[in-house]
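Chain by chain, the residues:
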Amino acid sequence: MAVQHINSIYSTMDGGYEAEIDRVNCHTGRAYRIIIQHLGETHLHYSKTEEGCYEWLYDLVRSE
């Protein structure tokens with residue numbers, strides 16, 4: 001799987017979190033993934049769009 005780093009996000013708001021967004025090319029085509037460290041847990045999410053990763057991040061940290 002080929003990976004291209006897109007963005008890193010660090011915040012002390014909403015309990016604190018750090019996230020890495022990458023574009024990945026795999027057998028199903030191009031996708032975006034976000035890996036989040038938040039409140040001592042690691043979360044992984046794949047999306048068809050980069051914006052989908054940001055939306056998922058903000059939904060996750062604001063729902064805690």
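Residues numbered from 1 in each chain as written. Predicted model: local features only at pLDDT ≥ 70, side-chain atom pairs only at ≥ 80, totals over all residues. Heavy atoms only, no water.

Trainee: Help me understand the pairing of strand 4 (residues 41-47) in this model?
Mentor: Side-chain direction in a regular strand flips from residue to residue, so the side chains alternate between the two faces of the sheet. Looking at chain direction, strand 3 (residues 29-38) and strand 4 are connected through seven bridges and run antiparallel. Directly across from Tyr-32, in strand 4, lies its bridge partner Ser-47. Between strand 3 and strand 4, which pair antiparallel one after the other, the connecting turn spans two residues, and Leu-39 there sits at a positive phi close to 55 degrees. (Pairing = 2+ DSSP bridges. Helix = DSSP H or I, 4+ residues; strand = E, 2+ residues; numbered from the N terminus.)

Trainee: Hey, could you run me through unusual backbone geometry in this one?
Mentor: Peptide bonds are mostly trans, and most non-glycine residues show a negative phi. A positive phi is found at Leu-39, a non-glycine position, where the angle reads about 55 degrees. By secondary structure assignment, the location of Leu-39 is in the loop between strand 3 and strand 4.

Trainee: Is there a simple way to explain the sheet that holds strand 3 in this structure?
Mentor: Strand pairing in a sheet relies on backbone hydrogen bonds, with the paired strands running either antiparallel or parallel. In spatial order, the strands read 1-2-3-4; together these four strands make up an open sheet with antiparallel pairing. Unpaired on one side and paired on the other, strand 1 (2-11) and strand 4 mark the two borders of the sheet. Each strand axis lies, on average, 20 degrees off the axis of its neighbour in the sheet, ignoring direction. Bridge count for strand 2 (residues 17-26) against strand 3 is 10 bridges, and the pairing is antiparallel. Looking at strand 3, one finds that Glu-20 is bridged to Ile-35. Docked against the sheet, helix 1 (residues 50-63) engages strand 1, strand 2, strand 3 and strand 4, running at close to 25 degrees with respect to strand 3. (Axes fitted to C-alpha atoms, helices over the stretch in contact; angles between N-to-C directions. Contact = heavy atoms within 4.5 Å.)

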